Amino acid sequence: MKLSDTLTGEKTEFIPQGDVVRIYVCGVTPYTDSHLGHAMSYIIFDVLRRYLEYRGYTVRHVQNFTDIDDRIIARANEQGIAPIALAERFIQRYVEDMAALGVHQPHVYPRATEEVPEMLTIITALIEKGFAYSTPGGDVYYRVRRLSRYGELSHRDVDDLLSGARVEPSTEKEDPLDFALWKAAKPGEPSWDSPWGPGRPGWHIECTAMSLKYLGDPIDIHGGGHDLIFPHHENEIAQSEAFTGRHPFVRYWLHNGWLQMGGEKMSKSLGNIVSIRDGVSRYGADGLRAFVLSSHYRNPLTYSETILEAASRGIERLAVAANASGPAEAAENVDASSFRARFLDAMDDDLNTPQAIAALHDLSREINRGQAEGRGIDESQRTLRELADVLGLRLPPPNATNGAIEAAPFIELLLHVRRELRTAKLFQQADHIRDKLAERGIAVEDTAEGSVWKRDRG
RNA sequence: GGCGACGUGGCCAAGUGGUAAGGCGGGGGUCUGCAAAACCCCUAUCAGCGGUUCGAUUCCGCUCGUCGCCUCCA
């Protein structure tokens, strides 16, 4: 399969170094509920992993939690609880959100606060090698200009960075571009002992420590949102390669585009967010995944209710086909092989999920058509489900959640009455029941096998 | 100011040097007591201007527009 690499800007054949594909994905800072932007990123990397596994690779997937940082501390102080406790709470909620989305758990979920000794080892070594320095105040900074390659990932020239002029000058830094490996503790903050006094790790160092510890060097794929390219991943490369003395530290850098809200990006700092919880309850996990996968992962995506609505409606077509009942035996069967081939070709091409989904839509149409013509569809339905599963789509029967509706027994009762009315050809009354249920968001469909109902969207 | 991405039908979104997947929506049918679902048919010339080419939406240049990063961020 081909993957495009942010570092080279090229799409090349992906060949893992060994039997195990080693993937590191940057995780969240748990200080609030995760939003659809996070969902987008993790759905994408989940699909990458699922596809690699589908193709027979063994994947080792590591994703961190940044459970100590300024925002966690600030939020915890507001609420009068310990930062670790706050982080723990939102880590749990994050894990629940991912489960709701059907995102496979990483094999390792390391937390920054539990990897401090490893980070100290690396920082110490970086100082010894001359790549980092400590300050009288107890901070440790990385010397950006020591590594000539700095800027290669984000395709920037070190000197251009300065012209941005938004870099906070710090009196203790040798160079404004230098970034913190270790931050001296301020009063009231959680801190760990270090050779430079009490403090806490800088943001970037945790990913270096964790990926080296849990995956080794180099790793096959490092993923994250587009925004992380600079400075986070750039800094990660600098630290990691300065520490190991080897290049490259990552063989393929994959970055997903941003989720935007109207004109702007969805972000916690702008406050224009939709939480994953809300998204799942409104559109369902399949709807959300369909939305995310409807465009190529590298491109930005815009959130709007209309678009989400369209995506979840579209995916329902697949669910209908997957759950259709075909003849017990048939002389001829629907052949799904060409659709499978198209699906695989699309996925092989840098995870072209829009085209892969298009193949599933065409397969669904073929299944529906075959059903109408009395052809066997079991085999092709299995293929549809198998491929949909690569995208993490569950394709539940339309009425799968009916049991959770409190009024279900009463609806069943009404439909029972309605059936008798229809048998008696009292269609006006029967239609009246259907109309009234529709007004209350319950859609009734009459099929050859009887009436089925489900909660209607919107 | 620097770096980068993008601009395809009413909306979302793939894609290719030889006249453009799929979904949503809309229109017309088939089926159905009716409706829904499903199926069939219809619904684009790819921001603008130049250039390269036998031929460009696809390559190059410019213009316009939108967006992102350069600061915490998936």
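This structure is a prediction, so every number in the text was calculated from the model and none was measured.

Description of the overall build of chain A
Right, so step 1: Scanning chain A for helices and strands turns up 14 helices and 15 strands.
Right, so step 2: Projected onto its principal axes, the C-alpha coordinates of chain A cover approximately 90 × 50 × 35 Å.
Right, so step 3: Buried residues in chain A amount to 52% of all 458 residues.
Right, so step 4: A sequence separation of at least 24 residues applies to 74% of the contacts in chain A between residues at least 6 apart.
Right, so step 5: Element-wise, carbon and sulfur atoms account for 50% of the exposed surface of chain A, whose accessible area totals about 20,900 Å².
Right, so step 6: Computed over 52 positive and 67 negative side-chain charges, the separation of the two mean positions in chain A equals 3 Å.

A closer look at the nonpolar core
Right, so step 1: By size, the foremost hydrophobic cluster in this structure holds 72 residues, and its most contacted members are Leu48, Leu52, Ile221, Phe343, Met347 and Leu391.
Right, so step 2: The greatest single-element share of this core, amounting to 11 residues, is contributed by helix H1 (residues 36-54).
Right, so step 3: Formed jointly, this core draws a minimum of three residues from each of two domains, domain 1 (15-127 + 146-153 + 200-265) and domain 2 (328-390).
Right, so step 4: Contacts of methionine 347, omitting those with residues within four sequence positions, involve Met1, Val47, Tyr51, Asn352, Thr353, Ala356, Val390 and Leu391.
Right, so step 5: If you look at the next biggest cluster of nonpolar residues, it comprises 45 residues, including Tyr142, Leu181, Leu215 and Ala238.

Description of the sheet that holds strand E3 (residues 20-25)
Right, so step 1: Read across the open sheet, the four strands follow the order E4-E3-E9-E10; overall the sheet is parallel. One side of each edge strand has no neighbouring strand; the edge strands of this open sheet are strand E4 (58-63) and strand E10 (250-256). Neighbour-to-neighbour, the strand axes of this sheet turn through a mean angle of 20 degrees, independent of strand direction.
Right, so step 2: Relative to strand E9 (residues 219-225), E3 is paired through three bridges, and the arrangement is parallel. Pairing of tyrosine 24 across the sheet is with histidine 222, part of E9.

Describing the pairing of strand E1 (residues 2-5)
Right, so step 1: With four bridges joining them, E1 and strand E2 (residues 10-13) adopt antiparallel strand pairing. Looking at the pairing, lysine 2 lines up with glutamate 13 of E2.
Right, so step 2: The antiparallel pairing of E1 with E2 creates a hairpin that spans four residues between the two strands, and glycine 9 there sits at a positive phi of about 75 degrees.

Some words on the sheet that holds strand E7 (residues 179-184)
Sheet strands pair via backbone hydrogen bonds, and the direction of the pair is either parallel or antiparallel.
Right, so step 1: Read across the open sheet, the four strands follow the order E5-E6-E7-E8; overall the sheet is antiparallel. The sheet is open, and its two edges are formed by strand E5 (132-134) and strand E8 (199-201), each paired on a single side. Averaged over all pairs of adjacent strands, the angle between their axes in this sheet comes to 20 degrees, without regard to strand direction.
Right, so step 2: Examined bridge by bridge, strand E6 (residues 140-142) and E7 share three bridges and lie antiparallel to one another. For tyrosine 142, the partnering residue across the bridge sits in E7 and is phenylalanine 179.

Thoughts on the domain arrangement of chain A
Right, so step 1: Taken domain by domain, chain A consists of domain 1 (15-127 + 146-153 + 200-265), domain 2 (328-390) and domain 3 (402-455).
Right, so step 2: Placing a centre on the C-alpha atoms of domain 1 and another on those of domain 3 gives a separation of 50 Å.

Observations regarding the packing of helix H11 (residues 353-372) against helix H12 (residues 378-390)
Right, so step 1: Two elements in contact, H11 and H12, have axes whose closest approach is 10 Å; the angle formed by their N-to-C orientations is 160 degrees. Between H11 and H12, the interaxial angle falls into the category roughly antiparallel. Viewed along their axes, H11 and H12 form a crossing whose handedness is left-handed. When H11 is examined against H12, the residues Leu360, Leu363, Ser364 and Ile367 are found in contact with a partner set consisting of Ser380, Gln381, Thr383, Leu384, Leu387 and Ala388.

Description of unusual backbone geometry
Right, so step 1: Here aspartate 217 and proline 218 are connected by a cis peptide whose omega angle stands at -5 degrees.
Right, so step 2: Looking at the secondary structure, you find proline 218 in the loop between helix H6 (205-214) and E9.
Right, so step 3: With an omega of 0 degrees, the peptide bond between histidine 247 and proline 248 qualifies as cis.
Right, so step 4: Topologically, proline 248 is positioned in the loop between helix H7 (229-244) and E10.
Right, so step 5: With phi around 55 degrees, aspartate 350 is a residue other than glycine that occupies positive phi space.
Right, so step 6: Relative to the helices and strands, aspartate 350 is located in the loop between helix H10 (337-348) and H11.
Right, so step 7: The backbone of leucine 351 shows a phi angle near 60 degrees, a positive value even though the residue is not glycine.

Describing the pattern of salt bridges
Close approach of charged atoms allows side chains with opposite charge to pair.
Right, so step 1: Summed over the entire model, instances satisfying the criterion amount to 39 salt bridges.
Right, so step 2: Here arginine 55 makes a salt bridge to aspartate 348, at a shortest N to O gap of 2.6 Å. Taken as a pair, arginine 55 in the loop between H1 and E4 and aspartate 348 in helix H10 lie far apart in primary sequence, 293 residues in all.
Right, so step 3: Using a relative accessible area of 39% as the deciding quantity, one classes arginine 55 as partly exposed.
Right, so step 4: Accessibility expressed as a relative area gives 19% for aspartate 348, which makes it buried.
Right, so step 5: Note that glutamate 373 is salt-bridged to arginine 375, the shortest N-O span being 3.0 Å.
Right, so step 6: Judged by relative accessible area, which is 53%, glutamate 373 ranks as exposed.
Right, so step 7: Here the salt bridges share partners, and the residues they tie into one network are Arg418, Arg422, Asp431, Arg434 and Asp446.

Parameters and conventions
- Starting afresh in each chain, residues are numbered from 1 along the sequence in its written order.
- Written order decides the labels, with chains lettered from A and ligands numbered from 1.
- Per-residue local features are limited, in this predicted model, to residues with pLDDT of at least 70; the limit for side-chain atom pairs, both in listing and counting, is 80 or more; totals at the level of whole chains, interfaces and linings are taken over all residues.
- The side-chain values count all of the structure's non-hydrogen atoms but skip hydrogen atoms and water molecules.
- The helix and strand labels rest on DSSP assignments: H or I over at least four residues marks a helix, E over at least two residues marks a strand, and numbering proceeds from the N terminus.
- Burial classes: relative accessible area under 20% of the type maximum marks a residue as buried, over 50% as exposed, and values in between as partly exposed (1.4 Å probe, protein chains only).
- Throughout, a contact is declared for two residues whenever any of their heavy atoms are within 4.5 Å.
- Note on areas: Shrake-Rupley with a 1.4 Å probe; residue coverage comes only from the protein chains shown.
- Think of it this way: Lys and Arg go in the positive column, Asp and Glu in the negative one, and His and the chain ends go nowhere.
- In this description, the location of a charge corresponds to atom NZ of lysine, CZ of arginine, CG of aspartate or CD of glutamate.
- Working definition of a nonpolar core: buried Ala, Val, Leu, Ile, Met, Phe, Trp, Tyr and Cys residues. They are joined through side-chain atoms within 4.5 Å.
- Bear in mind that the domain bounds are from an automatic or database domain assignment.
- Two strands pair if DSSP finds at least two bridges between them.
- Lines are fitted to the C-alpha atoms to define the axes, a helix being fitted only along its stretch in contact, and any angle between axes, read from their N-to-C directions, falls within 0 to 180 degrees.
- Roughly parallel here means an angle under 35 degrees, roughly antiparallel means over 145, roughly perpendicular means 65 to 115, and every remaining angle is called oblique.
- Should the near helix be turned counterclockwise from the far one by less than a right angle, the crossing is left-handed, whereas a clockwise turn marks it as right-handed.
- Should a side-chain nitrogen of Lys or Arg be within 4 Å of a carboxyl oxygen of Asp or Glu, the pair is scored as a salt bridge.

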